[in-house]
Amino acid sequence: MTHPSPAEQAFSRTAPVRLWEDGFARDPRPYYAALRAHGAVGWAELAPGVPAYVVTGRRAALDLLHDTKTFSRDPRPWEATVPDDSPVLGMMRWRPNTLFADGAAHLRYRTSLIDAFDLVEPHDLRARVHRAVHLLVSRIGPRGEADLVGEFTRPLMALVFNSLFGMPDSASDRLDAAIGKVVEGGARSAAGEAEYAGYVLELIAAKTARRGEDLPSWLLDHPAGLTPEEVTWQVFLTLGAGYEPTSNLLSNALSRILGNPAFYSTLTSGARPVTEAVLDVLHHETPLANYGVHYARTPVDFHGVWIRAAVPVVISYGALTQAAEEERVEDRRPGDASHLSWSAGPHACPVRQPTLLIATEAIERLTQWLPDLEPVLPREGLTWRPGPFHRSLTALPVRFSPRSPDHPGGRP
């Protein structure tokens, strides 16, 4: 059996990079630089007293994502080592769903999810996005000013995902508040997790009693024979994993677009596709910055670092995108996924096309209704939500000529 070398033993005594600090939210670049200085695998804290290995090298990330023999997605051995009130448990706690499963169980859960989402026709999803944009622009358009995070991107995701999962528009604020607390991973995480769990349990109970044309109903009737409890945990995963990163993707894209007037004018004129702006975010400011958590089944030497069992091994998609930006990759092909924001291997995002459709349609529709959006603050003056996992704006204040969807600024 291989044992850690003195250098590898010293690695675990290196001062961890603290991803839970407020400074990480303000500017993650020096934190990623510090991690990358450790090599392909860095040493960090996700919360006070919660250490993790953080993969910042592309080759190491791909090796980790494809090596199901050495690494597992099951966090239960790690859970036994952390306090019950740890603020990161909301995002990392084991649940019987595809994210935390390996082998046959993972395949069964993942197949059922892919099959259910395949029943969502693109034209139907597009119509749901257009309806949500219309509703939100009706609220903010006549005012001539808005916060595009609190009044557009997050409520839009709540409206779209509640419609896909069979919940009414009136439940949108409740969904937004609960998921936001969980992802931030702070003192409110446990309360948010309980609120979100209650939300999902109510949803599944309603669909178990009466089916509808929605994702939970299709999962309940899937040939894989998932139990109501199993469906509950698949919905717990997919509703949250769809809502939060897509909302952040949309907010980050809008902030980058509006912060670059030349870029914005090419989008509103139709000279450049909105998809390009969305892909730019995936390459340079990915919304799910640090996740894809794995655990070594036994201690192992991985890219020169001795990885202990029951310690999280996190992929830093944010550090990977920063490295790509510093390398100034100018000639990416359309659809290039070198950013790894969709992950890779057996746990790669199974619904990337619906995600891209939601983000691009929302931006296109918004800028058609309100073509003269102008940021109130320079981009460097924006603030970001705390937490080790995401890259998420707190607000994106804008001004524009007052309009309503009945009198849009452009042709929808």
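Residues numbered from 1 in each chain as written. Predicted model: local features only at pLDDT ≥ 70, side-chain atom pairs only at ≥ 80, totals over all residues. Heavy atoms only, no water.

(A) Summary view of the overall build of the protein. When helices and strands are counted, the protein shows 17 helices and 11 strands. Buried residues in the protein amount to 55% of all 412 residues. For the protein, contacts bridging at least 24 residues in sequence account for 73% of all contacts bridging at least 6. Surface exposure of the protein reaches about 17,400 Å², of which carbon and sulfur atoms provide 54%. (Helix = DSSP H or I, 4+ residues; strand = E, 2+ residues; numbered from the N terminus. Buried < 20%, exposed > 50% of the residue type's maximum accessible area, 1.4 Å probe, protein only. Contact = heavy atoms within 4.5 Å. Areas by Shrake-Rupley, 256 points an atom, 1.4 Å probe, with all protein chains shown as cover.)

(B) How the structure looks around empty space enclosed by the protein. Scanning all chains against the criterion turns up 3 cavities of 30 Å³ or more. Considered as a void within the structure, the largest cavity measures approximately 1,100 Å³ in volume. Along its surface, the largest cavity is lined by 49 residues, and Leu237, Ala241, Gly242, Pro245 and Leu288 are the ones closest to its centre. Top element by residues in the lining of the largest cavity is helix α13 (residues 228-258). It accounts for 10 residues. Here the residues of the lining of the largest cavity are counted per class, giving 31 nonpolar, 14 polar and 4 charged. (1 Å grid on protein atoms, 1.4 Å probe; cavity = no way out; pocket = protein on both sides within 12 Å on 5 of 7 lines; lining within 4 Å. Points joined across faces, edges and corners; volume = space filled by probe spheres on them. Nonpolar A, V, L, I, M, F, W, Y, C, P; charged D, E, K, R; others polar.)

(C) Looking closely at helix α9 (residues 149-164). Given a rise of 1.5 Å per residue, 16 residues ought to cover 22 Å, and the 21 Å separating the end C-alpha atoms of α9 matches this to within 8%. The axis of α9 is deflected most strongly, by about 30 degrees, at Pro155. Of all 16 residues that make up α9, 14 are buried, and the element is covered over most of its length. (Expected span 1.5 Å × (residues − 1). Bend = angle between axes of the 7 residues up to and from the residue.)

(D) Main features of the nonpolar core. Residues Leu19, Met92, Phe152, Leu156 and Val235 are the most contacted members of the largest nonpolar core, which totals 109 residues. No other element matches α13, which puts 12 residues into this core. Not counting residues within four places of it along the chain, the set of residues in contact with Phe152 comprises Val133, Leu136, Asp147, Leu250, Leu254, Ala362 and Leu366. Leu62, Phe71, Val313 and Ala344 belong to the second largest nonpolar core, which has 21 residues in total. (Core = buried A, V, L, I, M, F, W, Y, C linked by side-chain atoms within 4.5 Å.)

(E) Spatial organisation of the packing of helix α15 (residues 274-284) against helix α17 (residues 352-369). Remark: α15 packs on α17, axes separated minimally by 9 Å, with the N-to-C direction vectors making an angle of 125 degrees. With respect to α17, the axis of α15 lies oblique. Crossing of α15 over α17 shows right-handed handedness. Counted together, Val274, Thr275, Val278, Leu279 and Leu282 of α15 and Leu356, Ala359, Thr360, Ile363 and Glu364 of α17 form the full contact between these two elements. Each residue belonging to the contact of α15 with α17 can be placed in one class, and the counts come to 7 nonpolar, 2 polar and 1 charged. (Axes fitted to C-alpha atoms, helices over the stretch in contact; angles between N-to-C directions. Parallel < 35°, antiparallel > 145°, perpendicular 65-115°, else oblique. Left-handed = near helix turned anticlockwise from the far one by under 90°.)

(F) Molecular detail of the sheet that holds strand β4 (residues 71-72). The 6 strands lie next to each other as β1-β2-β3-β9-β6-β4, forming an open sheet whose pairing is mixed. Looking along the sheet, the strands with just one partner apiece sit at the ends: β1 (17-18) and β4. Relative to strand β2 (residues 41-47), β1 is paired through 2 bridges, and the arrangement is parallel. Note that in β2 the partner of Val17 across the bridge is Ala44. Sitting on the sheet, helix α4 (residues 58-66) is in contact with β3 (50-55), β4, β6 (290-296) and β9 (313-316), with an inclination near 130 degrees to β9. (Pairing = 2+ DSSP bridges.)

(G) Looking closely at the side chain of Thr360. You can see Thr360 is positioned in helix α17. A relative accessible area of 9% places Thr360 in the buried class. For Thr360, the side chain forms a polar contact with the main-chain oxygen of Leu356, separated by 2.8 Å. (Polar contact = N/O pair within 3.5 Å; in protein donor to acceptor, adjacent residues only side chain to side chain.)

(H) The arrangement of the sheet that holds strand β11 (residues 397-399) in detail. The strand order across the open sheet formed by 3 strands is β5-β11-β10, and the pairing between neighbours is antiparallel. Across the chains shown, the open sheet's two edge strands, defined by having one partner strand only, are β5 (145-147) and β10 (374-375). Here 3 bridges tie β5 to β11, and the two strands are oriented antiparallel to one another. Its bridge partner being in β11, Asp147 is matched across the sheet by Pro397.

(I) Geometry of the packing of aromatic side chains. In the structure shown here, the tally under the stated rule is 8 aromatic pairs. Between the aromatic rings of Tyr196 and Phe236, the centroid separation amounts to 4.6 Å while the plane-to-plane angle is 45 degrees, which identifies the pairing as tilted. Placement of Tyr196 in helix α11 (residues 189-209) and of Phe236 in helix α13 is noted, with a sequence separation of 40 residues between them. For Tyr196, a relative accessible area of 3% puts it in the buried group. Ring-pair connections join several aromatic residues into one group, and the members of that group are Phe24, Tyr31 and Tyr32. In this structure, Arg76 packs its charged tip against the face of Trp94, placed 3.9 Å from the ring centre. One cation-aromatic arrangement involves Arg391 over Trp384; the distance from NZ or CZ to the ring centre is 3.6 Å. (Phe/Tyr/Trp six-rings, centres within 6.5 Å; stacked < 30°, edge-to-face > 60°. Lys NZ or Arg CZ within 6 Å of the ring centre and 35° of its normal.)

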